[in-house]
Amino acid sequence: MDEESQDRSDKGNLGMIRLLFLTAFFDALSDVGKQIDPLLREHGMFRSQLDTPYEFVPLHRYVALVESAAEKFDRPYLGLEMGSAFGLANMGPFYALLRASGHLRGALQYLIMFQSRLQTRTIFESVRSEETTTYCYRINDERVWPRLQDSEFAIGGYVTLLRELTSSKWAPDEVHFEHSIEGREERLSQYFRAPVLGNQPVNGLVIRNEALDMPFASAVPSEDTKLRTILEWHLLDLMGPESAPSESFVSLTRDIIARWLGRTHVDCASVAAELRLSERSLRRRLTEEGTSFRTLLQEARKERAQIILGKPGMSLAVAADQLGYSDTAAFSRAFKEWTGVSPGRFPHLKDGE
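Residues numbered from 1 in each chain as written. Predicted model: local features only at pLDDT ≥ 70, side-chain atom pairs only at ≥ 80, totals over all residues. Heavy atoms only, no water.

Novice: Is there a simple way to explain empty space enclosed by the protein in this structure?
Specialist: Using a probe with the size of a water molecule, rolled over the atoms, empty space left in the structure can be pinpointed. Scanning all chains against the criterion turns up two cavities of 30 Å³ or more. In this structure, the largest cavity spans a volume of roughly 230 Å³. Every residue lining the largest cavity is counted, 16 residues in all, and those nearest its centre are Phe21, Phe86, Gln119, Ala154 and Tyr158. Sorting the residues of the lining of the largest cavity by element identifies α7 (104-118) and α8 (148-165) as the ones contributing at least two each. Residue classes in the lining of the largest cavity are distributed as 12 nonpolar, three polar and one charged. A volume near 50 Å³ is recorded for the second largest cavity. Around the second largest cavity, the lining residues are Arg138, Glu142, Trp145, Arg147, Glu178, Gln200, Pro201, Arg304, Ile307, Ile308, Lys311 and Gln322. Split by residue class, the lining of the second largest cavity holds four nonpolar, two polar and six charged. (1 Å grid on protein atoms, 1.4 Å probe; cavity = no way out; pocket = protein on both sides within 12 Å on 5 of 7 lines; lining within 4 Å. Points joined across faces, edges and corners; volume = space filled by probe spheres on them. Helix = DSSP H or I, 4+ residues; strand = E, 2+ residues; numbered from the N terminus. Nonpolar A, V, L, I, M, F, W, Y, C, P; charged D, E, K, R; others polar.)

Here's what the structure looks like:
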C-alpha cells in the first residue's frame, strides 16, 4: 500500500487530528531545537506543517510522535508540559468564542460541540449528576496505544483553558486517567490541585455544578449572545462539516460499544436504540454484514482486556468491572477462552487487590 492509500485508510479507520495541536508540542520542546526534525519525519510529519494548522494528520501518528518524544528526550511529563502551555491564544478563533460563552459550562459545551471537527474517533462528553458534572475524554480506538502523554495533554490543556477563563487558582474536584499514575501522583496532584485517580475507564474532570454555572466576571450577556452567533457561523464554515458517519452498521456498533464499555451497561437493545433501530433490525443488519452483536462485544472486550491487563497495579476486580462483566469469575473464564491462559498470568495484574 502506498503512503497516499495508507493515509486514506488511516483517515477512515484510526481517526484524524488537526495540526493545530502540534503548536503545543513545539512549545514544550523549544529547548530541543532541530533535534525534533528526524523524529517528525519518522512519524510522517514536518515542521512546515505548522503553517496549515487546520489540516488533518492521522491520529495514531500524532499520538506515537508525542510518546516517542517523551522517551527520546527524557520528558516523562511531556503531555502535561504541553497542556500547561496550551492556552486560549493557541485556540485561534476559538479564543473569542470561549470568552463569549458566559460560564465554564458554556465553554466546555463548545469544546464538546467542535470535538469531532478537531479530533475524530475521540469522545469528549459530559455526564451530569446532582452535584457535579464529569467531562470525559478518550480516544475511541484501542489500537492507538500507549497514549499516556496525549491523555495528560488533553486533561491538562482543558484545565489551563478553564483557569485562563476564570482564575489561575481554579481547580477541578477530581481528575481521572485511564492509565496508571503509579509514581506520578505527586506531580499530577501538584498541577491539578485536586485528587487524581489512575486506571479509570476514561480520562476526565469532575467539576461542581455551581462552579460550572457561575458567570464570568467579564460576561455581558446581550453582547456575548450576538458574538457567539457570529463566531459559531464562522468557525463551522472554517472547519467544514462534521465527519460523515460510516454507512457500515458494524463500524457504528463498534464505535458505540467502545464508547460505553466499562461506563454503562452494554447490550444489543440499548445500542439499537442509540442507532434508532429495533433490536431485531440491528441484529439482522449485522448478520447481513457477516457478524453479530455478541461477536462485536466480545472482540471489544478482548481488545480492551489486552490493554487493561498490561496496566501496572490493575486488580482483577477492576478489570472485570471495566470490561462489563458481573464478576471476576465470568471475566476469567472468558479471558481464558480467548487466550488459553488465565488473566492472573499477566505480569502486571494483582489478583489479590
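Novice: Just checking my understanding: could you explain the nonpolar core for this structure?
Specialist: In globular proteins that are soluble, nonpolar side chains generally tend to be buried together. Grouped together as the largest cluster of nonpolar side chains are 70 residues, with contacts concentrated most on Phe25, Tyr62, Leu78, Met82, Phe192 and Ile207. Setting aside chain neighbours within four positions, we find Phe25 in contact with Ile36, Leu40, Leu65, Val66, Ala69, Leu78 and Met82. (Core = buried A, V, L, I, M, F, W, Y, C linked by side-chain atoms within 4.5 Å. Buried < 20%, exposed > 50% of the residue type's maximum accessible area, 1.4 Å probe, protein only. Contact = heavy atoms within 4.5 Å.)

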